[in-house]
Amino acid sequence: MAKILLLGCLLGLLYLLEASLVTNAFPITSCRQLPYPDACYSIVRATPLLGEEKSRLGFRQMNLQGAVLRAQRALKLASGVNLALMDARTRAAWADCIELAEDTVRKLNKSLASSTADDELTWLSATLANQETCLNGFKELNLLTGASDMPFISTNVSRFLSNSLAVTQSSAGGSGRRLLSRGFPVWVSAGDRKLLQSSAVIADLTVAQDGTGSHKTISEAIAAASKLRKDTSKRFVIWVKAGVYQENVEVPKSMKNLMMIGDGIDSTVVTGSRNVIDGSTTFRSATFAVVADGFIARDMTFENTAGPEKHQAVALRSGADLSVFYRCSFKGYQDTLYVHSQRQFYRDCDIYGTVDFIFGDSVTVLQNCNIRVRKPMSNQKNIITAQGRSDPNENTGISIHNSRVSAAEDLGDIKTFLGRPWKEYSRTVFMKCTLDSLIDPAGWLEWSGSFALNTLYYGEYQNTGDGAGTSGRVKWEGYRVITSAAEAEKFTVDSFLEGGSWLPSSGVPFSPRL
């Protein structure tokens, strides 16, 4: 009985401590209201501050700091492994996790300093994408025998990230989306708007295979740019002349506001063939990978030539916030375009693939694009999208607007599905698109049995074409034919992507609303 009374007293003290955290700034002020109350209470118990100091710190920052501590612990664990003692496949998966853990700590620290709920939602959503990506690498390479020792699992970091996301989502007023002004963002100069539409390229560096430029490879130019740049707030332009560049390129986080301009689709081609079957993780298989904020590409082709028999093989992976791809082509089979995380916009682009070939957990809008479906292996189904939203409070999703879905020359009469739910809260919409007859009447495909069918959000709005009929569509609770323009507007460039605040200065044409 004494133990029960003592436990009751301790719980009462916890609730009093919790009450001391209440501020007027955030509607959620109670650990009991969060997805993982125990994780929240553990922060209250562990924070070495008096009640008055905790009250000044606030409920939001208290949870964020708890998430930071857990993420730092995960990073320390990941960084402490001895990669030299591992075989190549295990080393590849751990290398991904170390990079992703570092990025998670960075984004959490940015969130602590943020005054904008929309930015914070984007960064916190990206941290969840990071931990899912770490786990996926081990699954893909069949390395899950010691899963309980992996840093993201052993530290329960995802629970702390989900709690912080819930608090931030509440502060953003429900959906977290809001229209912003159409002024120029402070990190991009006003002159940048002319660069993407100018026929004359004024470049800081030039890449040319014939020796007529400053460098012969794209990777060399990026390495040189990192030494030349004095101010990353200013746009830096690399012109990549016509040619086929056989290299795997990575644009690191330090290369903010980089613009890469080619000589046109299928004239400037970056190509590679890394893939999961040969020992790469999906994350690392990308021919071209970019994580630098403010990245812009124009008039280029990104390609992975591994072929359908090699399964996951990424042509381009973007985790770059506020990134733009204009008049570009992405060619592959399974997992062609990896829209990994943060805010991305694609305009007048061509995307080729077979299985899940537009996938990831970012806030992405594709507008005026051509989606070209290729012939898969005989035992495969074609699915265009696989969106990876794993938490209901994430602001992520894939919105495909004013685009066309059609068959590539080799497809034949194989039917294609618009998407399937990679994660539990997968969210994808097709709006005002032309869907050719290759689309299966059901429209959408299960991932595994009934998984996510009630929690996903899949929508279609005013599509046309022989494959646009909705009478035979799936009857899942999470699928809907959108009939309200107001609901469809939530997935436009202006509302879903906040594009009005940063796209005008890029110079890319875009339709802000339906």
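First, a word on scope: everything that follows refers to the structure included in this document. (Residues numbered from 1 in each chain as written. Predicted model: local features only at pLDDT ≥ 70, side-chain atom pairs only at ≥ 80, totals over all residues. Heavy atoms only, no water.)

### Notes on the packing of helix α4 (residues 59-79) against helix α5 (residues 88-113)
Applied cut-off: A fitted line through C-alpha atoms serves as each axis, taken over the contacting stretch for helices, and the angle formed by two N-to-C directions is quoted from 0 to 180°. Secondary structure elements are taken from DSSP: a helix is a run of H or I of four residues or more, a strand is a run of E of two residues or more, and numbering for both begins at the N terminus. An angle below 35 degrees is treated as roughly parallel, one above 145 as roughly antiparallel, one from 65 to 115 as roughly perpendicular, and anything else as oblique. The crossing is said to be left-handed when, going from far helix to near helix, the turn is anticlockwise and less than a right angle, and right-handed when the turn is clockwise. Residue contacts are counted whenever heavy atoms from the two residues lie within 4.5 Å of one another. Residues are grouped as follows: Ala, Val, Leu, Ile, Met, Phe, Trp, Tyr, Cys and Pro are nonpolar; Asp, Glu, Lys and Arg are charged; every other residue, Gly included, is polar.
Between α4 and α5, whose axes approach to 9 Å, the crossing angle comes to 160 degrees. The angle between α4 and α5 falls in the class roughly antiparallel. The hand of the α4/α5 crossing is left-handed. Residues R60, Q61, L64, Q65, A67, V68, A71, Q72, L75, A78 and S79 of α4 touch α5, and the partners they reach there are W94, I98, A101, E102, T104, V105, L108, N109, S111 and L112. Of the residues contributing to the contact of α4 with α5, the split by class is 12 nonpolar, seven polar and two charged.

### Describing helix α10 (residues 218-228)
As a reminder of what qualifies: Three labels apply to residues, based on accessible area from a 1.4 Å probe with only protein chains included: buried if under 20% of the type maximum, exposed if over 50%, partly exposed otherwise in between. Taken from the helix axis, the directions to the C-beta atoms give the arc we talk about.
Taken together, the buried positions of α10 are occupied by I218, A221, I222, A224 and A225. Considered in projection along α10, the buried side chains sweep an arc of 165 degrees and stay on one side of the axis. In this structure, the buried side of α10 is in contact with β1 (205-207), β2 (236-240), β3 (243-246), β4 (249-251), β5 (258-261) and β6 (268-272).

### Side note on the state of the cysteines
So the rule is basically this: Sulfur atoms of two cysteines make up a disulfide when they are within 2.5 Å.
Throughout the structure, instances matching the rule amount to two disulfides. A sulfur-sulfur distance of 1.9 Å marks the disulfide that ties C31 to C40. Here the disulfide of C31 and C40 is left-handed, its torsion about the S-S bond being about -60 degrees. The exposure class assigned to C31 is buried, which follows from its relative accessible area of 0%. Accessibility expressed as a relative area gives 1% for C40, which makes it buried. Residue pairing for C97: its cysteine sulfur links by disulfide to C134, the two sulfurs lying 1.8 Å apart.

### With respect to the sheet that holds strand β19 (residues 382-387)
Put simply, the rule is: Any two strands between which DSSP finds at least two bridges are classified as paired.
The strand order across the open sheet built from seven strands is β4-β7-β10-β13-β16-β19-β22, with neighbouring strands paired in parallel fashion. Only two strands of the sheet have a single neighbouring strand rather than two, namely β4 and β22 (416-419). Sheet twist, expressed as the mean angle between neighbouring strand axes with direction ignored, is 10 degrees. Here β4 runs beside strand β7 (residues 288-290); their pairing, made up of three bridges, is parallel. Looking across to β7, one finds that E250 is bridged to A289.

### Observations concerning the pattern of salt bridges
The test is simple: Salt bridges are identified by distance alone: a Lys or Arg side-chain nitrogen within 4 Å of an Asp or Glu carboxyl oxygen.
According to the stated counting rule, one finds 20 salt bridges in the structure shown. Notably, a salt bridge pairs D299 with R327, separated by 2.9 Å at the nearest N-O pair. A residue pair is termed long-range when its members are at least 10 positions apart, and D299 in the loop between β8 (296-298) and β9 (301-304) and R327 in the loop between β11 (323-326) and β12 (329-331) qualify at 28 residues. For R404, the salt bridge is made with D436, and the minimal N-O distance between the two is 3.0 Å. Residue R404 is located in strand β21 (residues 404-407), and its partner D436 is located in the loop between β24 (434-435) and β25 (457-461); the two are separated by 32 residues in the primary sequence. By relative accessible area, which is 40% here, R404 ends up partly exposed. According to the relative accessible area criterion, D436 is buried, its value standing at 17%. Members of the salt-bridge network, linked through shared partners, are D96, E99, E250 and R284.

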